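# Structural overview
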Amino acid sequence: MVMSQSTPDTAPQEQAEVNPAASAMGKSDLYALHTSLAGMMLITICLLIGLGLPVFGLHPMTNVLAYLVIVIAAAAGIAGMYYFNLRMHGEVENHAQLTRVLVDSLKQGFFSFDKNGVCGDVFSRACVELLECAPSGKVISDVLRVPAEELGDFKDWLDILFMPNHALGFDDVVKFLPQRYPHTGGRIVALDYSAIRNSEGALTYIEVIATDQTEEHEAQQRTLQQQNYAAMITRIFRERNQFLATITHIRTFLTDAEQVTKRDEGAPILRLLHTLKAAVKHYYLLDLSTTIHKLESDLRSTQIESDVQFVMVLEQGRLQIQSQLKAVIDQVNEIVGHDYERRGDMREIADSAIYAFAVRLQEMRAPNDVVQEYLRVIAAVPIRDCFRVFERELQDLATIMGKQMKPIKFTGDNPPVLMETLRNMFFTFTHLCRNIIDHGIEAPITRMARGKEPLGLVTISTEVLQTASGGEQLKIVVSDDGNGIDPARIRAKLGEKDPHGTWHNEDDVTVLQRIFSWGFSTRDNVTDISGRGVGLEAVQREVSLLGGQISVASEIYKGTNFTIILPYKMSVSEAGPAAKRAE
């Protein structure tokens, strides 16, 4: 049987013209076919004449010579017909063999299956290698190794495909069929589907083409690695201080992790791991980010039932992170150098060194106005400069999640701040960023459906407030115009975790503050972006260490505001939390 291949839009007339056997026939084949038909007609006519003579009152044939002529003519016709049919069969076989050779030379797996999901007898040799089986007579779900939990959906989509008048197009439905074959040898085997229809346009078979894309995938991965490497170096050059702060936090983790002796001591470690995962990914240190993510998941696993197991897993992860950190530093040092870079008359000095000099001035009892002037002019930076990493990460995450963002809108004042005292707080702002993109900002199509612009907007307002006692406070408000936070959703999650808790008596404003609690998340599943429930708690902890407070206010479908209020002091002696942490 020869089947024609067509797309859903192919007309029946066009399908009839795509018959491979007919298109393969040459003039000699058509001549043989016509000669055979003519010979058969002559034989039939001779037989009808011989049988019809008595019917018309004529005598049957009695002439031996005439009889012999008819017998010889019939025999010659039969022999000729047999010869020409044999020749035509040979030509068709040759063309079929050529077709098989051409298909096999493409190194693609080719086979088809019917509406019952049973694969046909015709398939290319490459199927054995790419699909690790000969599909003939097998069930398509077995050939493609559809997982048991996805088998029901797979069969439903097949039923829809073969349904005579379904609303979805063929190309739309096949997107829900497996797009890759899970090859046990690690090959990347892509699957493509085509429709085979009859002359009436009804789907009779689905053709599957398996293509080995391993080499293309490896080439893409090499290109991606090169792009990530270039992006990593560029970002490190742009944000060297923040990168060095990230390295310092990783080293802090390595030191702290070595001191853990039981599971109950693991909360600070888990909190730091969650923050580090986002920080290193910002610098395209993807392998290190994956290792940190895996360690965090392993430490939270319910399979860990003892302190010994916890410490063992932590130590294994610590050693792996230590090894990868050394590789990163060696790699970066080859580009940046071991010392700070000098450009002409300019020299880069670490914030910590500038701040340490201010401490030294105060220890030497320098005049207070000199210390204040030094802090404000040399040590302090405009607070908006502290959000450069935040803004870049905001755009990166939006791109990853298929969302779009406008540049950050800054309002209010731009007061100078001592970055050295606020560094740890801004380091945890990666969690604010992820919360805004993952939970707050909607997809462009959703925003337009709600009457919003497709691009989300984050607004950051900063100002210095006067207190009743004559002091000053720094107010930071980070706002987005996204989904907002539904108090009912928070209550539902609290009901799962703490069904008899005091939250039952709290109003909506108070309930919203629960998002800063350890382990609280409105997500049902943990992702690489969020879901652990420790991100916002880490932000609150750093704000508290600075003597400040953080709160959240939200309106459904309008947006969310995170408000941070800190003591605003331009004095090294009053920057206690940072100093205590260093000790």
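Residues numbered from 1 in each chain as written. Predicted model: local features only at pLDDT ≥ 70, side-chain atom pairs only at ≥ 80, totals over all residues. Heavy atoms only, no water.

### Here's the deal with the overall build of the protein
- Looking only at helices and strands, one finds 23 helices and 14 strands in the protein.
- Looking at the 583 residues of the protein, the share that counts as buried comes to 38%.
- A fraction of 65% describes how many contacts in the protein between residues 6 or more apart in sequence connect residues 24 or more apart.
- Looking at the protein as shown, the accessible area adds up to about 33100 Å², and 55% of this sits on carbon and sulfur atoms. (Helix = DSSP H or I, 4+ residues; strand = E, 2+ residues; numbered from the N terminus. Buried < 20%, exposed > 50% of the residue type's maximum accessible area, 1.4 Å probe, protein only. Contact = heavy atoms within 4.5 Å. Areas by Shrake-Rupley, 256 points an atom, 1.4 Å probe, with all protein chains shown as cover.)

### Focus on the environment of Glu542
- Here Glu542 is to be found in helix 22 (residues 535-545).
- A relative accessible area of 9% means that Glu542 is categorised as buried.
- For Glu542 and Leu422, which are 120 residues apart along the polypeptide, the C-alpha to C-alpha distance reads 8.8 Å.

### Focus: the confidence of the model for the protein
- Of all residues in the protein, 81% have pLDDT values of 70 or greater, and the mean over the chain is 80.
- Ignoring residues within four places in sequence, the model shows residues 1-25, a span with pLDDT below 50, making 35 contacts including any to other chains.
- pLDDT under 50 marks residues 339-346. Its contacts with residues more than four places away, or in other chains, come to 10 contacts. (pLDDT = per-residue confidence, 0-100.)

### Re helix 9 (residues 214-238)
- Between the first and last C-alpha of helix 9 there are 36 Å, a value that for 25 residues agrees with the 36 Å anticipated at 1.5 Å per step.
- Inspection of helix 9 places Thr214, Asn228, Met232, Ile233, Arg235 and Ile236 among the buried residues, and these make up the whole buried set. (Expected span 1.5 Å × (residues − 1).)

### Quick look at the side chain of Arg423
- In this fold, Arg423 is placed in helix 17 (residues 419-427).
- If we skip the residues at most four places from it in the chain, Arg423 touches Asn241, Gln242, Ala245 and Asp351.

### What about the packing of helix 16 (residues 388-400) against helix 18 (residues 429-440)?
- Close contact between helix 16 and helix 18 brings their axes to 10 Å; oriented N to C, the two are set at 35 degrees. Crossing of helix 16 over helix 18 shows right-handed handedness. In contact with Phe390, Glu393, Leu394, Leu397 and Ala398 of helix 16, helix 18 contributes Phe429, Thr430, Leu432, Cys433, Arg434, Ile436 and Ile437.
- Tallied by class, residues from the contact of helix 16 with helix 18 come to nine nonpolar, one polar and two charged. (Axes fitted to C-alpha atoms, helices over the stretch in contact; angles between N-to-C directions. Left-handed = near helix turned anticlockwise from the far one by under 90°. Nonpolar A, V, L, I, M, F, W, Y, C, P; charged D, E, K, R; others polar.)

### Section: the nonpolar core
- Ranked by internal contacts, the top residues of the largest apolar core, which has 54 residues, are Phe390, Leu394, Met425, Phe426, Phe429, Val458 and Val478.
- For this core, the element with the most residues is helix 18, which contributes five residues.
- In contact with Val458, other than residues within four places in its own chain, are Phe390, Leu394, Met405, Ile408, Lys409, Ile436, Val478, Ser479 and Asp480.
- Membership of the second largest hydrophobic core comes to 31 residues, among which are Phe243, Leu285, Ile304 and Leu314. (Core = buried A, V, L, I, M, F, W, Y, C linked by side-chain atoms within 4.5 Å.)

### Points about a negative patch on the surface
- A contiguous patch of negative charge, built from Glu149, Glu150, Asp153, Asp156 and Asp159, is present on the exposed surface.
- Relative to the elements of secondary structure, Glu149 occurs in the loop between helix 6 (140-143) and helix 7 (151-162).
- Overall, Glu149 belongs to the exposed group, its relative accessible area being 65%. (Patch = residues over 30% accessible without salt bridge, like charges linked within 9 Å, V, L, I, M, F, W, Y side chains within 5 Å. Salt bridge = Lys/Arg side-chain N within 4 Å of Asp/Glu carboxyl O. Lys, Arg positive; Asp, Glu negative; His and termini not counted. Charge placed at Lys NZ, Arg CZ, Asp CG, Glu CD.)

### Topic: the sheet that holds strand 13 (residues 549-555)
- Ordered by their spatial adjacency, five strands build an open sheet running 9-11-12-14-13, and the pairing between neighbours is mixed. Each edge of the open sheet carries a strand with a single partner, namely strand 9 (409-412) and strand 13. Taken over all neighbouring pairs, the strand axes of this sheet differ in orientation by 15 degrees on average, direction set aside.
- Sheet topology note: the strand 9/strand 11 (residues 458-466) ladder contains four bridges and is parallel. (Pairing = 2+ DSSP bridges.)

### Quick word on the sheet that holds strand 1 (residues 109-113)
- Here five strands make up an open sheet; going across it, the order is 2-1-5-4-3 and the pairing antiparallel. Of all strands in the sheet, those bounded by a partner on one side alone are strand 2 (119-123) and strand 3 (180-182). On average, each strand axis in the sheet is tilted by 30 degrees relative to the strand beside it, whichever way the strands run.
- With two bridges connecting them, strand 1 and strand 2 associate as antiparallel partners. Residue Phe111 lies in a different strand from strand 2, and its bridge partner there is Phe123.
- Sheet contacts for helix 7: strand 1 and strand 5 (203-212); angle to strand 5, the most-contacted strand, approximately 130 degrees.

### Remarks on the packing of helix 11 (residues 267-282) against helix 18
- It is at 9 Å that the axes of helix 11 and helix 18 come closest, and there the two elements cross at 80 degrees. Our classification of the angle between helix 11 and helix 18 gives roughly perpendicular. On helix 18, the residues that touch His274, Thr275, Ala278 and Lys281 of helix 11 are Thr430, His431 and Arg434.
- Within the contact of helix 11 with helix 18, the residues separate by chemical class into one nonpolar, four polar and two charged. (Parallel < 35°, antiparallel > 145°, perpendicular 65-115°, else oblique.)

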